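An overview of the molecular structure
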Amino acid sequence: MVNTEIYGCDYSSLGFVTSDGDIGTVSDLDNAKQAIYNRLLTRLGTYPNIDTEYGSDVHKILGEHLNETKIKELEVYIRNCMLEEPRAYSILDLSISKKDYGFLNIEMIVQLVDGTELEISEGIDVLGV
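Here's a quick rundown of the structure. (Residues numbered from 1 in each chain as written. Predicted model: local features only at pLDDT ≥ 70, side-chain atom pairs only at ≥ 80, totals over all residues. Heavy atoms only, no water.)

**A word on the side chain of Q34**
The following threshold applies: Each helix is a run of DSSP H or I of at least 4 residues and each strand a run of E of at least 2, with the numbering of both proceeding from the N terminus. Contacts are residue-level and defined by heavy atoms, with any inter-residue pair within 4.5 Å sufficient.
One can find Q34 in helix α2 (residues 28-41). With near-sequence residues (within four places) excluded, Q34 lies in contact with D10, Y11, S12, S13 and V26.

Encoded structure:
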């Protein structure tokens with residue numbers, strides 16, 4: 001059974017409106033996944049008055065030549081980001097690969113605090129366009 005107290009409920013980042021005209025929400029595992037995506041793709045320091053540790057340094061590789069060193073650097077940014085996510089316990093698997101010119105594919109399995117494993121797959125446009 002999924003625990004809403006752990007994973008929470010929040011407005012959907014997709015910005016949809018329900019058939020009743022309410023702002024759409026996500027809860028349980030969907031909210032955990034959304035929270036991880038949002039933290040990963042938010043520039044560290046974006047919300048200094050709320051949480052100085054919210055976000056990641058993933059943006060630092062934008063526009064960079066994608067060599068093995070930069071990909072390892074990105075791995076460190078992702079791991080550091082997940083250390084700050086209260087729903088995440090650990091990263092069980094992390095794979096970063098070049099997808100197309102200027103794109104990276106990030107695939108990871110995150111173990112959540114209750115032991116649930118969550119698969120995350122995200123493409124990043126490193127050219128920043």
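**Some details on the pattern of salt bridges**
Rules: The term salt bridge refers to a pairing of a side-chain nitrogen on Lys or Arg with a carboxyl oxygen on Asp or Glu at a separation within 4 Å. Note on classification: 1.4 Å probe, protein chains only; a residue is buried when its accessible area is under 20% of the maximum for its type, exposed when over 50%, partly exposed between these limits.
A complete count under the given rule lists five salt bridges for this structure. Two residues, K60 and D57, come together in a salt bridge whose shortest N-O distance is 3.9 Å. For K60, a relative accessible area of 44% gives the class partly exposed. R87 is the salt-bridge partner of E85, the closest N and O atoms lying 2.8 Å from each other. A network of salt bridges, in which partner residues are shared, links R39, E85 and R87.

**Quick look at the sheet that holds strand β5 (residues 117-125)**
Sheet strands pair via backbone hydrogen bonds, and the direction of the pair is either parallel or antiparallel. Keep this limit in mind: Between any two strands, pairing holds if DSSP finds at least two bridges. With axes taken as lines fitted to C-alpha atoms, and helix axes fitted only over the stretch in contact, angles between N-to-C directions fall between 0 and 180 degrees.
A sheet is described by the order of its strands in space; here three strands give the open sequence β3-β4-β5, paired in antiparallel fashion. On the outer flanks of this sheet lie β3 (88-98) and β5, each paired with one strand and no other. Across the sheet, the mean angle separating the axes of adjacent strands is 20° when strand polarity is ignored. By the bridge criterion, nine bridges tie β3 to strand β4 (residues 103-112) in an arrangement that is antiparallel. Within the sheet, the bridge partner assigned to S95 lies in β4 and is E107. Contacts from α2 reach β4 and β5 within the one sheet, and its direction differs from that of β5 by about 35°. Running over the sheet, helix α3 (residues 68-84) touches β3 and β4 and is turned about 160° from β3.

**What about the packing of α2 against α3?**
Each pair of packed helices can be described by the angle between their axes along with the distance between the axes. We count it as follows: An angle counts as roughly parallel when it lies under 35 degrees, as roughly antiparallel when it exceeds 145, as roughly perpendicular when it falls between 65 and 115, and as oblique in every other case. Handedness of a crossing follows from how the near helix is turned relative to the far one, being left-handed for an anticlockwise turn of less than a right angle and right-handed for a clockwise one. Lys, Arg, Asp and Glu make up the charged group, whereas Ala, Val, Leu, Ile, Met, Phe, Trp, Tyr, Cys and Pro make up the nonpolar group; the residues left over, Gly among them, are polar.
Contact pair α2 / α3: the axes reach a minimum separation of 10 Å and the direction vectors enclose 130°. As far as their axial angle goes, α3 and α2 are oblique. The interaxial crossing formed by α2 with α3 has right-handed handedness. Facing α2, whose interface residues are I36, R39 and L40, α3 presents I78, C81, M82 and E84. A per-class count over the contact of α2 with α3 returns five nonpolar, no polar and two charged.

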